[in-house]
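For reference, the chains in residue letters:
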Amino acid sequence: MLDLVFLAFIGFVLLLGLRRPYLWVLLYVYIDILAPQRIGYSIITSIPVSFIAFGAAFGGWLLLDRKEGARFSVRQGLMLALLIYCWWTTQNAEFPVEAQTKWEWVWKALLFAIFMPLTITTRARLEALALVIVLSVATIVIGTGMKTVLGGGGYENLNFFVDDNSGIYESSTLATVAIGLIPLLWWLVRFGTIFPKHWTIKLFAGALTFACLLVPIGTEARTGLVCIAVLALLMLRYIKRRVLFVAAGGVLGLVALPFLPQSYYERMATIAQPGGDESASTRVAVWSWTLDYVAENPLGGGFDSYRGNTFTYELPVREESGNTTTVEYRQVVDEGRAFHSSIFEVLGEQGWPGLAIWLWLQGLGVWQMERIRSRWKDQTSEREGWIAPMAVALQLASLIYLTGALFQGIAYQPMFFKIIGLQIGLYAYCRRLDPQRFRFGTRKAPEMGPGARRKARNQALGDAQGAAPAGDAVTAG
């Protein structure tokens, strides 16, 4: 029955896309995040719904969509360079079979991230894409939050829609994604035009935010707790009543303490004492091995090159006997341990050239969103007042992702490449809207003639007569 529901929904959107091809892009985003083919039990598991949706998205854009405003950006060029370089390292990988397995999903994530900005040419499309991303993740987050409240949480014990600890369904990855999307969720509440302004929307957003904060608790993901702390610190830049914000956060934390399980306290305690936890100890050892590895292999060893590592480290083991606690250091021999950090993941697999491209791609996004924020922060009109807040939300999403990436091997996580696609789309939209604002050394644009300014704005909005172009799902406000 569940398979039929998914197939009926996918088929319905495919039919709607005949009139509005951009819906096929949104359909692929939905399928790529939620993976209904992994949730189902029978028919849908044998149908390549992801391939069908991608083919429809690309074919619809190529054959049916208006391509006004579509431009190839520097960051798309960086992703293309990374894609080509990853292909080269895969051909020369130390573990060719394992490398090919990872390559089969990495190239799809990169290719779609390169393609997606070409379709985001209006405010309507930017908003629709942001909404689909948030609601697709919300489907997983809501279920996770409910299980946590009902007592079904625990490290590696909280089952999601699929019994597979990979992709977005990996506990630490989901915790990072959930926290990173909170600012974008509230941007949709404040500036979204798809749903009407209503108290029920705010109520849903509040409940979803609470569920997002529950994910690190339910999964007992240490990275999630760090991401919450980083988000709170970053929000201080934009909160007017900072003292009240900090006080409210402290009170909320104190109120939550009695409801947290003992296992959560014990796992979070290892953040302050990483040497006493086997997982944390192996990470440090793997990172040290990676630095030695790239010293001999500066171009990297291809995907899953970590399988060649072997090392020893000392782990303290505590034994309690009555009121006496003794600590004995035992030597542990380990091998084939994953990188557990996106920085070292890219470094070990793609070497210094790959890491340089990856860091440039991430850093350029943070910088571009800051440029948009600084140049549109004083705008309050309906047409432009939403731009700076969206840049802030996407910038915060990137910074939370980079925080989580320090402790997880999620360098090629498709979810975050979709955030990059949104950033590229917003930056291109703003350049078309008012290119003079992006002149270096100026914050305010020189005066343009009324006709020139109106033409630039209409081109950016994709609507010379005041209506959304064919293929858009919603009106551009």
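Since this is a predicted model, take the numbers as computed values, not measurements. Per chain, residue numbering runs from 1 following the sequence as it is written. Whole-chain, interface and lining totals are the exception, using all residues; otherwise, since this is a predicted model, local features are given only for residues with pLDDT of at least 70 and side-chain atom pairs are given and counted only at 80 or more. Just so you know, side-chain values use all the structure's heavy atoms and leave hydrogens and water out.

Colleague: Before we move on, could you go through a nonpolar patch on the surface and cite the residues and values that matter?
Modeller: The grouping of Leu135, Ile142, Met146, Phe195 and Phe204 at the surface amounts to a nonpolar patch, some 440 Å² of accessible area in total. The helix count covers DSSP runs of H or I at least four residues long, the strand count covers runs of E at least two residues long, and both are numbered beginning at the N terminus. It is helix α7 (residues 123-149) that provides the largest number of residues to the nonpolar patch, a total of three residues. With respect to the helices, strands and loops of the structure, Phe195 is situated in the loop between α9 (182-191) and α10 (199-219). Patches were defined on residues exceeding 30% relative accessible area and lacking a salt bridge, with like-charge contacts within 9 Å and nonpolar side-chain contacts (Val, Leu, Ile, Met, Phe, Trp, Tyr) within 5 Å. We get accessible surface area from the Shrake-Rupley algorithm with a probe of 1.4 Å; when it comes to residues, only the shown protein chains can shield them. Here a salt bridge means any side-chain nitrogen of Lys or Arg lying within 4 Å of a carboxyl oxygen belonging to Asp or Glu.

Colleague: So what's going on with the pattern of salt bridges? Residues and values would help.
Modeller: Oppositely charged side chains are able to pair whenever their charged atoms sit close together. Scanning all chains against the criterion turns up eight salt bridges. Lys102 is the salt-bridge partner of Glu349, the closest N and O atoms lying 3.1 Å from each other. Of the two residues, Glu349 is situated in helix α15 (residues 342-376) and Lys102 in helix α6 (residues 96-115); the sequence distance between them amounts to 247 residues. Per residue, the accessibility class of Glu349 equals that of Lys102, and both read buried. Linking Glu370 and Arg237 is a salt bridge whose minimum nitrogen-to-oxygen distance equals 2.7 Å. In this pair, Glu370 is assigned in helix α15 and Arg237 in the loop between α11 (222-235) and α12 (242-256), connecting sequence segments 133 residues apart. Exposed residues in this analysis have more than 50% of their type's maximum accessible area, buried residues have under 20%, and partly exposed residues fall in between, with area computed by a 1.4 Å probe over protein chains only.

Colleague: Go over the packing of α7 against α9 with me, naming the residues and quoting the values.
Modeller: Only the stretch in contact is used when fitting a helix axis, every axis being a line fitted to C-alpha atoms; angles between N-to-C directions are given from 0 to 180 degrees. Running from N to C, α7 and α9 point in directions that differ by 130°, and their axes come no closer than 10 Å. Judged by the inter-axis angle, α7 sits oblique to α9. In terms of crossing hand, the pair formed by α7 and α9 is left-handed. Residue-level inspection shows Arg123, Glu127, Ala130, Leu131 and Val134 of α7 in contact with α9, the latter providing Leu184, Leu185, Trp187, Leu188 and Phe191. Residues are sorted three ways: Asp, Glu, Lys and Arg are charged, Ala, Val, Leu, Ile, Met, Phe, Trp, Tyr, Cys and Pro are nonpolar, and all the rest, Gly among them, are polar. Grouping the amino acids of the contact of α7 with α9 by side-chain chemistry returns eight nonpolar, no polar and two charged. Each angle gets one of four labels, with under 35 degrees taken as roughly parallel, over 145 as roughly antiparallel, 65 to 115 as roughly perpendicular, and the rest as oblique. By convention, the crossing between two helices is left-handed when the near helix turns anticlockwise from the far helix through less than a right angle, and right-handed when the turn is clockwise. Any two residues having at least one pair of non-hydrogen atoms within 4.5 Å are treated as being in contact.

Colleague: Report on the packing of aromatic side chains, specifying residues and quantitative values.
Modeller: Stacked, tilted and edge-to-face are the three classes assigned to paired rings of Phe, Tyr and Trp, where Trp is represented by its six-membered ring and a pair needs centres within 6.5 Å; plane angles under 30 degrees give stacked, over 60 edge-to-face, the rest tilted. Going through the model one piece at a time under the given rule, you end up with 19 aromatic pairs. Here the aromatic rings of Phe9 and Tyr30 are separated by 5.2 Å at their centres, their planes lie at 70°, and the arrangement is edge-to-face. With Phe9 in helix α1 (residues 2-16) and Tyr30 in helix α2 (residues 22-34), the pair connects residues that are 21 residues apart, well separated along the chain. In this structure Phe9 comes out as partly exposed when scored by relative accessible area, which is 39%.

Colleague: Help me get a handle on α9, residues and values and all.
Modeller: For α9, a buried count of eight out of 10 residues is recorded, marking the element as mostly surrounded by other parts of the structure. Within the sequence span of α9, burial applies to Ile182, Pro183, Leu184, Leu185, Trp187, Leu188, Val189 and Phe191. Against the buried residues of α9 lie α7, α8 (171-180), α10, α11, α16 (387-405) and α17 (414-433).

Colleague: Would you mind going over the side chain of Thr176 in detail, with residue names and values included?
Modeller: Counting through the fold element by element, Thr176 comes out in helix α8. Distance and chemistry together define a polar contact, namely a pair of N or O atoms within 3.5 Å, with one atom able to donate a hydrogen and the other to accept it when in protein, and with adjacent residues in sequence counting only for side-chain atoms on both sides. A polar atom in the side chain of Thr176 sits 2.8 Å from the side chain of Gln408. Thr176 has contacts with Thr223, Cys227, Ile400, Tyr401, Gly404, Gln408 and Phe416, leaving out every residue within four places of it along the chain.

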